[in-house]
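Examining the three-dimensional arrangement
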Amino acid sequence: MAVTSESTTLWFGSLTEGHGTTSLDTSDAAEFPITWAARSEGVAGTTNPEELLGAAHSACYSMALSHALTGAGHPPESLQVTAAVTFQPGEGITGSHLLVNAKVPGITPEQFAAFAEDAKTGCPVSAALAGVSITLEATLA
């Protein structure tokens, strides 16, 4: 069964002077303030599309890696995944860097590296980001 998830943004004013909010409609879990300054310069306490995309990428990648490891008989104790999504004004989103730290009993670093790389390409959000560079730094704890 297909699942459709929705978010809504309400924006007021021009790009550079304006502001808005983005709401997670499907889960009703959160509403985030957004501004151009947060996107182009970084402003504490205000999110941007790239941070939200990073949340989606890190969550999706975690699920893909956990699934692959478990299917091979190596269920992870824990996975910590950070996705750092870069935005360059005038150019757009230029990449996502996945930083992975994992506790996986009974697996060698080489085996883990192979699973981590496969999950990078197997993650549906990675597929959606096919037009940008996706890099990976994965280590076992």
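The structure reproduced in this document is the subject of the present report. (Residues numbered from 1 in each chain as written. Predicted model: local features only at pLDDT ≥ 70, side-chain atom pairs only at ≥ 80, totals over all residues. Heavy atoms only, no water.)

1. Digging into the overall build of the protein
- Tallying secondary structure elements over the protein gives four helices and six strands in all.
- Counting helices and strands in the order they occur from the N terminus, the protein gives β-β-β-α-α-β-β-α-α-β.
- Along the three orthogonal principal directions, the C-alpha set of the protein runs to about 55 × 35 × 25 Å.
- Here the protein holds 141 residues, and the buried ones make up 30% of them.
- Residue pairs at least 24 apart in sequence account for 47% of intrachain contacts in the protein once pairs closer than 6 positions are excluded.
- Counting only carbon and sulfur atoms, one obtains 56% of the accessible surface of the protein, whose full area is about 8300 Å². (Helix = DSSP H or I, 4+ residues; strand = E, 2+ residues; numbered from the N terminus. Buried < 20%, exposed > 50% of the residue type's maximum accessible area, 1.4 Å probe, protein only. Contact = heavy atoms within 4.5 Å. Areas by Shrake-Rupley, 256 points an atom, 1.4 Å probe, with all protein chains shown as cover.)

2. Digging into the sheet that holds strand β2 (residues 19-24)
- Spatial strand order, β1-β2-β3: three strands in an open sheet with antiparallel pairing. In this open sheet, the two strands that pair with only one neighbour each are β1 (7-12) and β3 (31-34). Neighbour-to-neighbour, the strand axes of this sheet turn through a mean angle of 20°, independent of strand direction.
- Two elements, β2 and β3, share four bridges in a ladder whose sense is antiparallel. Note on β3: the bridge partner recorded for S23 is E31. (Pairing = 2+ DSSP bridges. Axes fitted to C-alpha atoms, helices over the stretch in contact; angles between N-to-C directions.)

3. Describing the nonpolar core
- Formed by 20 residues in total, the largest nonpolar core has its most connected members in Y61, L65, L69 and F112.
- Those elements that place two or more of their residues in this core are α2 (49-71), β4 (78-88), β5 (92-103) and α3 (109-122).
- Of all the elements, α2 adds the most residues to this core, at five residues.
- F112 has contacts with L65, L69, V100, A102, V104, I107, A138, T139 and L140, leaving out every residue within four places of it along the chain. (Core = buried A, V, L, I, M, F, W, Y, C linked by side-chain atoms within 4.5 Å.)

4. Regarding the layout of surface pockets
- Approximately 250 Å³ is the volume found for the largest pocket.
- Around the largest pocket, the lining residues are S7, T22, L24, F32, L52, A55, A56, A59, C60 and M63.
- Listed by contribution, the elements that provide at least two residues to the lining of the largest pocket are β2 and α2.
- Top contributing element to the lining of the largest pocket by residue count: α2, with six residues. (1 Å grid on protein atoms, 1.4 Å probe; cavity = no way out; pocket = protein on both sides within 12 Å on 5 of 7 lines; lining within 4 Å. Points joined across faces, edges and corners; volume = space filled by probe spheres on them.)

The values reported here are purely geometric and, on their own, carry no functional implication.
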